[in-house]
Amino acid sequence: MNATIAGLALAVLGILVGIVIALLQRRPKRVVYDMITRSQIVSHTGYRATGKLQVLYEGRQLADPHLLVLRVANGGKIEIRPEDWIERLKIVVSRGVEIVDAAIAGSAPSNLEVKVEQTEKSQVTISSVLLNRQEWFDVQLLIDGPGEVQEISARVAGAQLLPGRPIKGMRGLISTLPRLTSRLHLGEMGSWAFVSTAVATVGFVVAFSSFFLLDRPEMATVPDLTGKSAEVVVPELRRAGLHLGAQDRLPNSAPKGTVIDQHPPGGSKIEKGERVSIVLSE
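These numbers come from a predicted model, not from an experiment.

Here is what the cut-offs are and how they apply
Residues numbered from 1 in each chain as written. Predicted model: local features only at pLDDT ≥ 70, side-chain atom pairs only at ≥ 80, totals over all residues. Heavy atoms only, no water. Salt bridge = Lys/Arg side-chain N within 4 Å of Asp/Glu carboxyl O. Helix = DSSP H or I, 4+ residues; strand = E, 2+ residues; numbered from the N terminus. Buried < 20%, exposed > 50% of the residue type's maximum accessible area, 1.4 Å probe, protein only. Pairing = 2+ DSSP bridges. Axes fitted to C-alpha atoms, helices over the stretch in contact; angles between N-to-C directions.

J.: Explain the pattern of salt bridges to me, using residue names and the numbers behind them.
T.: Scanning the model with the defined rule gives 9 salt bridges in all. The residue Lys29 makes a salt bridge to Asp84 at a minimum N-O spacing of 3.3 Å. With Lys29 in the loop between helix H1 (2-26) and strand S1 (30-40) and Asp84 in the loop between strand S4 (65-74) and strand S5 (85-93), this pair connects stretches of sequence that are 55 residues apart. Per residue, the accessibility class of Lys29 equals that of Asp84, and both read buried. Lys90 serves as the salt-bridge partner of Glu151, at 3.5 Å between the closest nitrogen and oxygen. Here Glu151, found in strand S10 (residues 149-156), pairs with Lys90, found in strand S5; they are 61 residues apart in sequence, far enough to count as distant. Residue classification places Lys90 among the partly exposed residues on the basis of a relative accessible area of 24%.

Right, here's the structure in full:
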């Protein structure tokens, strides 16, 4: 009798573990960020070296202006509410580099109400905003001098802040389940114990299936667009199952309308249906 109860308990445990893992896998809560543009606005030319060429921003002369664009998105399947931001998103650039201007360069949806506040010379914070599934916004930073984003931080209730794409975090837990069950000795339990063990096995199979099969994305290879004209970008992306994202234009020695930079780079593996941002020569 005790053995039968133990078998039934194992079966129920197996089913519950399968359901829990399936739910966790299907409803992650994540905020992801990715650098989509890092460009020098004016390259060093002969005119620049002689001091004849100057860059002014609202009457202020800039020594070496660079443009950084950071995309922040809801990378999970649960909405991020304004009250979920325990600590607002903070972006810090390299020490000694000044943020000249900061703004929201774009968003999806376009009416997303996001505000950027410069709190220090090299630091900005982003207002708490509702981000539904797959919604995003781009933070544009104009900095004076070559620099990078050194720190991106926030505290979001029940969510992770991750660079790039979300990482499936249940793999380690699932890999331990077979080892745990192999250590349980059930003894002679009769037919009911056999059925219970079989049901428990089904429960674990459901857990594995939910992790490896549900919502598994179809991947695509990003084509190399650099050096190509703007007219061929959309057809090439369509053939790869991708879409055109943000388009920036920067002065360059390449012919006007030529792709001089892209993100993600050619050869990268991303989900089908994702967007590829480009920088065109002016």
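J.: Residues and numbers for the sheet that holds strand S11 (residues 160-163), please.
T.: Taken in spatial order, the 5 strands of this open sheet run S6-S9-S4-S1-S11, and their pairing is mixed. Of all the strands in the sheet, just strand S6 (98-108) and S11 have a single pairing partner and so form its edges. Pairwise comparison of adjacent strand axes, ignoring direction, gives a mean angle of 25° for this sheet.

J.: Account for the sheet that holds S5, with residues named and values stated.
T.: Judged by pairing direction, the sheet is antiparallel, and its 4 strands sit side by side in the order S7-S8-S5-S10 without closing on themselves. Strands with a single pairing partner mark the edges of an open sheet, and in this sheet they are strand S7 (116-120) and S10. For this sheet the average axis-to-axis angle between neighbouring strands, irrespective of direction, equals 25°. Relative to S10, S5 runs antiparallel, the two sharing 6 bridges. Residue pairing for S10: Glu87 is matched across the bridge by Arg155.

J.: So what's going on with unusual backbone geometry? Which residues, and what values?
T.: Omega for the peptide link from Ala108 to Pro109 comes to 5°, which places this bond in the cis form. In this fold, Pro109 is placed in the loop between S6 and S7. In this chain, His263 is followed by Pro264 through a cis amide linkage whose omega measures 0°. You can see Pro264 is positioned in the loop between strand S14 (259-263) and strand S15 (269-271). Phi at Glu58 is positive, roughly 50°, even though this residue is not glycine. Looking at the element boundaries, Glu58 is found in the loop between strand S2 (55-57) and strand S3 (60-62). Judged by its relative accessible area of 74%, Glu58 is exposed. For Gln134, which is not a glycine, the phi torsion comes out positive at approximately 65°. Within the secondary structure layout, Gln134 lies in the loop between strand S8 (123-126) and strand S9 (136-144).

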